Amino acid sequence: SSHFGSSSAQRDTHSRPSATFALSELAMAPPSLRLQMLAALAGASAPATVAQQVGSQQAEVHPEMWMQECTASGCDWQKGSVVLDANWRWINKDGKNCYMNDDTWDPATCSDPLSCAQNCAVDGADYAGTYGISTNSYKDGIDLKFVTKGEYST
């Protein structure tokens, strides 16, 4: 079981400023809403930033998982998902690696962190095919098959 704070039905939203969100609200929000929530937290006076680009070579589809949110009065089931760390993703520019096989960044695309963020994209993950990660049959846990055989795994 995981505890992500109180459920939204029981939470007293009047005691917090409108731009403050519980971690569970941010984690469970659809991706399009997450950016709006983060922007509200940052405020209009925040300096401009550069973020890593979103890749287009592999769609990002998170394995779903049901989790319990528990309070003193009991537990409620909520649908969530699992996300694989970016360290395991393909970082590329138009299908060409930004990371070299000799454990260095390609200087043509990643001469410094800013140019790398502007030039390279982090792609989604083939959770089941490459990493052996799938939702269990009850959808309340994850099956990990650490050894897979496929196009990008041996």
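One numbering rule holds for all chains: residues counted from 1, following each sequence as written. Restriction of local features to residues with pLDDT of at least 70 applies here, the model being predicted, together with a cutoff of 80 or more for giving and counting side-chain atom pairs; totals for whole chains, interfaces and linings are based on all residues. Water and hydrogen atoms were dropped before computing side-chain values, which therefore reflect all heavy atoms in the structure.

Here the focus is the pattern of salt bridges. One side-chain nitrogen of Lys or Arg within 4 Å of one carboxyl oxygen of Asp or Glu is enough to make a salt bridge. Within this structure, the stated rule accounts for three salt bridges. For arginine 89, the salt bridge is made with glutamate 60, and the minimal N-O distance between the two is 2.6 Å. Here glutamate 60 lies in the loop between strand S1 (53–54) and strand S2 (64–71) and arginine 89 lies in the loop between strand S3 (74–81) and strand S4 (91–93), a separation of 29 residues in the sequence. Taking relative accessible area as the criterion, glutamate 60 reaches 33% and is therefore assigned partly exposed. Labels follow the DSSP assignment, with helices taken as runs of H or I lasting at least four residues and strands as runs of E lasting at least two, numbered in each case from the N terminus. Per-residue accessibility, obtained with a 1.4 Å probe over protein chains only, is compared with the maximum for each type, and a residue is labelled buried under 20%, exposed over 50%, and partly exposed between these values.

Being paired, for any two strands, means DSSP has found at least two bridges between them. Strand order in this open sheet of four strands is S1-S6-S4-S5, and the pairing throughout is mixed. On the outer flanks of this sheet lie S1 and strand S5 (96–97), each paired with one strand and no other. By the bridge criterion, two bridges tie S4 to S5 in an arrangement that is antiparallel. By the bridge assignment, asparagine 92 is partnered in S5 with asparagine 97.

This paragraph deals with the packing of aromatic side chains. Stacked, tilted and edge-to-face are the three classes assigned to paired rings of Phe, Tyr and Trp, where Trp is represented by its six-membered ring and a pair needs centres within 6.5 Å; plane angles under 30 degrees give stacked, over 60 edge-to-face, the rest tilted. In this structure the tally under the stated criterion is two aromatic pairs. Centre to centre, the rings of tryptophan 88 and tyrosine 131 are 6.4 Å apart; their planes meet at 80°, and the pair counts as edge-to-face. One end of the pair, tryptophan 88, is in the loop between S3 and S4; the other, tyrosine 131, is in helix H4 (residues 127–131), and 43 residues separate them in sequence. A residue is classified by how much of its surface remains accessible, and tryptophan 88, at 51% relative accessible area, is exposed. The exposure class assigned to tyrosine 131 is partly exposed, which follows from its relative accessible area of 22%. For the pair tyrosine 99 and tryptophan 105, a centre-to-centre distance of 4.8 Å together with 75° between the ring planes defines the contact as edge-to-face. A relative accessible area of 35% places tyrosine 99 in the partly exposed class.

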